[in-house]
Amino acid sequence: MPAKSKAQQHAAGAALSAKRGDTKVSDLKEPSKDMYYSMSEAELERVASTDEDDLPDHVEDTK
């Protein structure tokens with residue numbers, strides 16, 4: 001699943017860094033922390049590796 005916004009792509013990158021042990025989980029902010037607990041390393045890698053050239057900065061939550 002590709003990222004829908006630059007913010008989501010960056011949050012996934014932070015969560016991926018924590019999954020790999022490069023960042024402390026306690027240093028993550030809420031969106032990244034949620035991703036850390038709910039997604040696998042492979043899923044995080046797919047979202048974090050999305051090309052951000054055509055992504056908007058943010059997307060409104062439509063829940």
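In the block above lies the structure referred to throughout.
Residues numbered from 1 in each chain as written. Predicted model: local features only at pLDDT ≥ 70, side-chain atom pairs only at ≥ 80, totals over all residues. Heavy atoms only, no water.

A. Molecular detail of the side chain of Q9. Following the sequence through the fold, Q9 ends up in helix 1 (residues 6-19). The buried category is assigned to Q9, whose relative accessible area is 12%. Separated by 3.5 Å, the side chains of Q9 and H10 make a polar contact. Excluding residues within four positions of it along the chain, Q9 makes contact with A3, V47, A48, T50 and E52. (Helix = DSSP H or I, 4+ residues; strand = E, 2+ residues; numbered from the N terminus. Buried < 20%, exposed > 50% of the residue type's maximum accessible area, 1.4 Å probe, protein only. Polar contact = N/O pair within 3.5 Å; in protein donor to acceptor, adjacent residues only side chain to side chain. Contact = heavy atoms within 4.5 Å.)

B. Spatial organisation of the packing of aromatic side chains. One pass over the full model with this rule turns up 1 aromatic pair. Judged by centre distance (5.0 Å) and plane angle (85 degrees), the ring pair of Y36 and Y37 falls under edge-to-face. The exposure class of Y37 is exposed, given its relative accessible area of 60%. Just above the ring of Y36 sits the side chain of K19; from NZ or CZ to the centre is 4.9 Å. (Phe/Tyr/Trp six-rings, centres within 6.5 Å; stacked < 30°, edge-to-face > 60°. Lys NZ or Arg CZ within 6 Å of the ring centre and 35° of its normal.)

C. Representation of the packing of helix 1 against helix 2 (residues 30-38). Running from amino to carboxyl end, helix 1 crosses helix 2 at an angle of 55 degrees, the nearest separation of the two axes being 8 Å. By the angle between their axes, helix 1 is oblique relative to helix 2. Remark: the crossing between helix 1 and helix 2 carries right-handed chirality. Between helix 1, through Q8, A11, A12, A14, A15, A18 and K19, and helix 2, the contact on the second element is made entirely by P31, S32, M35 and Y36. When the residues that make up the contact of helix 1 with helix 2 are grouped by side-chain class, the tally is 8 nonpolar, 2 polar and 1 charged. (Axes fitted to C-alpha atoms, helices over the stretch in contact; angles between N-to-C directions. Parallel < 35°, antiparallel > 145°, perpendicular 65-115°, else oblique. Left-handed = near helix turned anticlockwise from the far one by under 90°. Nonpolar A, V, L, I, M, F, W, Y, C, P; charged D, E, K, R; others polar.)

D. Structural view of the nonpolar core. Formed by 14 residues in total, the largest nonpolar core has its most connected members in A12, A15, M35, Y36, M39, L44 and V47. When residues of this core are traced back to their parent elements, those giving at least two are helix 1, helix 2 and helix 3 (41-48). The element contributing the most residues to this core is helix 1, with 5 residues. Apart from residues lying up to four places away in sequence, M35 is in contact with Q8, A11, A12, A15 and L44. (Core = buried A, V, L, I, M, F, W, Y, C linked by side-chain atoms within 4.5 Å.)

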